[in-house]
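Structural characterization, general
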Amino acid sequence: MSFLGLSGDAITAESVPETCPRCQKKHFYKQHDFKRSLGVGIVGLASLISFVMMGQGYNWFAFMSPMLVALIIDRIFSAQRPFALICYDCALIFRGLKWDQLKDVEDFDLEKYDRIHYPKRTNGEQPAD
Ligand SMILES: [Zn+2]
């Protein structure tokens, strides 16, 4: 397991699966294989530094510069980290897939996630395939 990679159960796949081997569902999304807590921590730290600098009376460009640095760090990690395929239902991570294999897989969709995990709140409507 990598320090920078997503945490959770993961398997290596050679192709995009039709159904998830763990939950038998067929809803997947792709994202960079980068630990979410680390990304949120970087943005949180930059926000805190910006807030303190704003309180000390720095001009807008100076107190927004930590956010610019956080954006640059995010873009560097995005460019270097491989993509992973993730099951919406059970969050199983599939690693080892190449970009060409994942180009038809959608990015994360919060509405689809909510329809799967909170069916009573969405009147039981399941996401379309
Ligand atoms: Zn699954």
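Data block above holds the structure.
Attention in this report is confined to the structure presented alongside it. (Residues numbered from 1 in each chain as written. Predicted model: local features only at pLDDT ≥ 70, side-chain atom pairs only at ≥ 80, totals over all residues.)

This brings us to the sheet that holds strand E1 (residues 10–12). On the basis of which strands lie adjacent, the open sheet formed by 4 strands has the order E1-E4-E3-E2 and mixed pairing. Looking along the sheet, the strands with just one partner apiece sit at the ends: E1 and strand E2 (28–32). Put simply, the sheet's adjacent strands are angled 30 degrees from each other on average, direction ignored. The pairing of E2 with strand E3 (residues 83–87) spans 5 bridges and is antiparallel. Among the inter-strand pairings, Gln31 is bridged to a residue of E3, identified as Ala84. (Pairing = 2+ DSSP bridges. Helix = DSSP H or I, 4+ residues; strand = E, 2+ residues; numbered from the N terminus. Axes fitted to C-alpha atoms, helices over the stretch in contact; angles between N-to-C directions.)

It is worth spelling out the nonpolar core at this point. The biggest cluster of nonpolar side chains holds 11 residues, and these are Leu6, Cys20, Phe83, Ala84, Leu85, Ile86, Cys87, Tyr88, Leu92, Phe94 and Leu97. Top element by residues in this core is E3. It accounts for 5 residues. Apart from the residues within four sequence positions on either side, Ile86 is in contact with Phe28, Tyr29, Gln31, Ala91 and Ile93. (Core = buried A, V, L, I, M, F, W, Y, C linked by C-beta atoms within 7 Å. Buried ≥ 20, exposed ≤ 12 C-beta atoms within 10 Å, placed from the backbone. Contact = placed C-beta atoms within 7 Å.)

Right, let's get into the packing of helix H1 (residues 36–55) against helix H2 (residues 60–80). Running from N to C, H1 and H2 point in directions that differ by 165 degrees, and their axes come no closer than 7 Å. For the element pair H1 / H2, the angle class is roughly antiparallel. In the crossing of H1 with H2, the sense of the turn from one axis to the other is right-handed. Two secondary-structure elements touch here, H1 through Gly39, Ile42, Val43, Ala46, Ile49, Ser50, Met53 and Met54 and H2 through Ala62, Phe63, Met64, Pro66, Met67, Val69, Ala70, Ile73 and Asp74. (Parallel < 35°, antiparallel > 145°, perpendicular 65-115°, else oblique. Left-handed = near helix turned anticlockwise from the far one by under 90°.)

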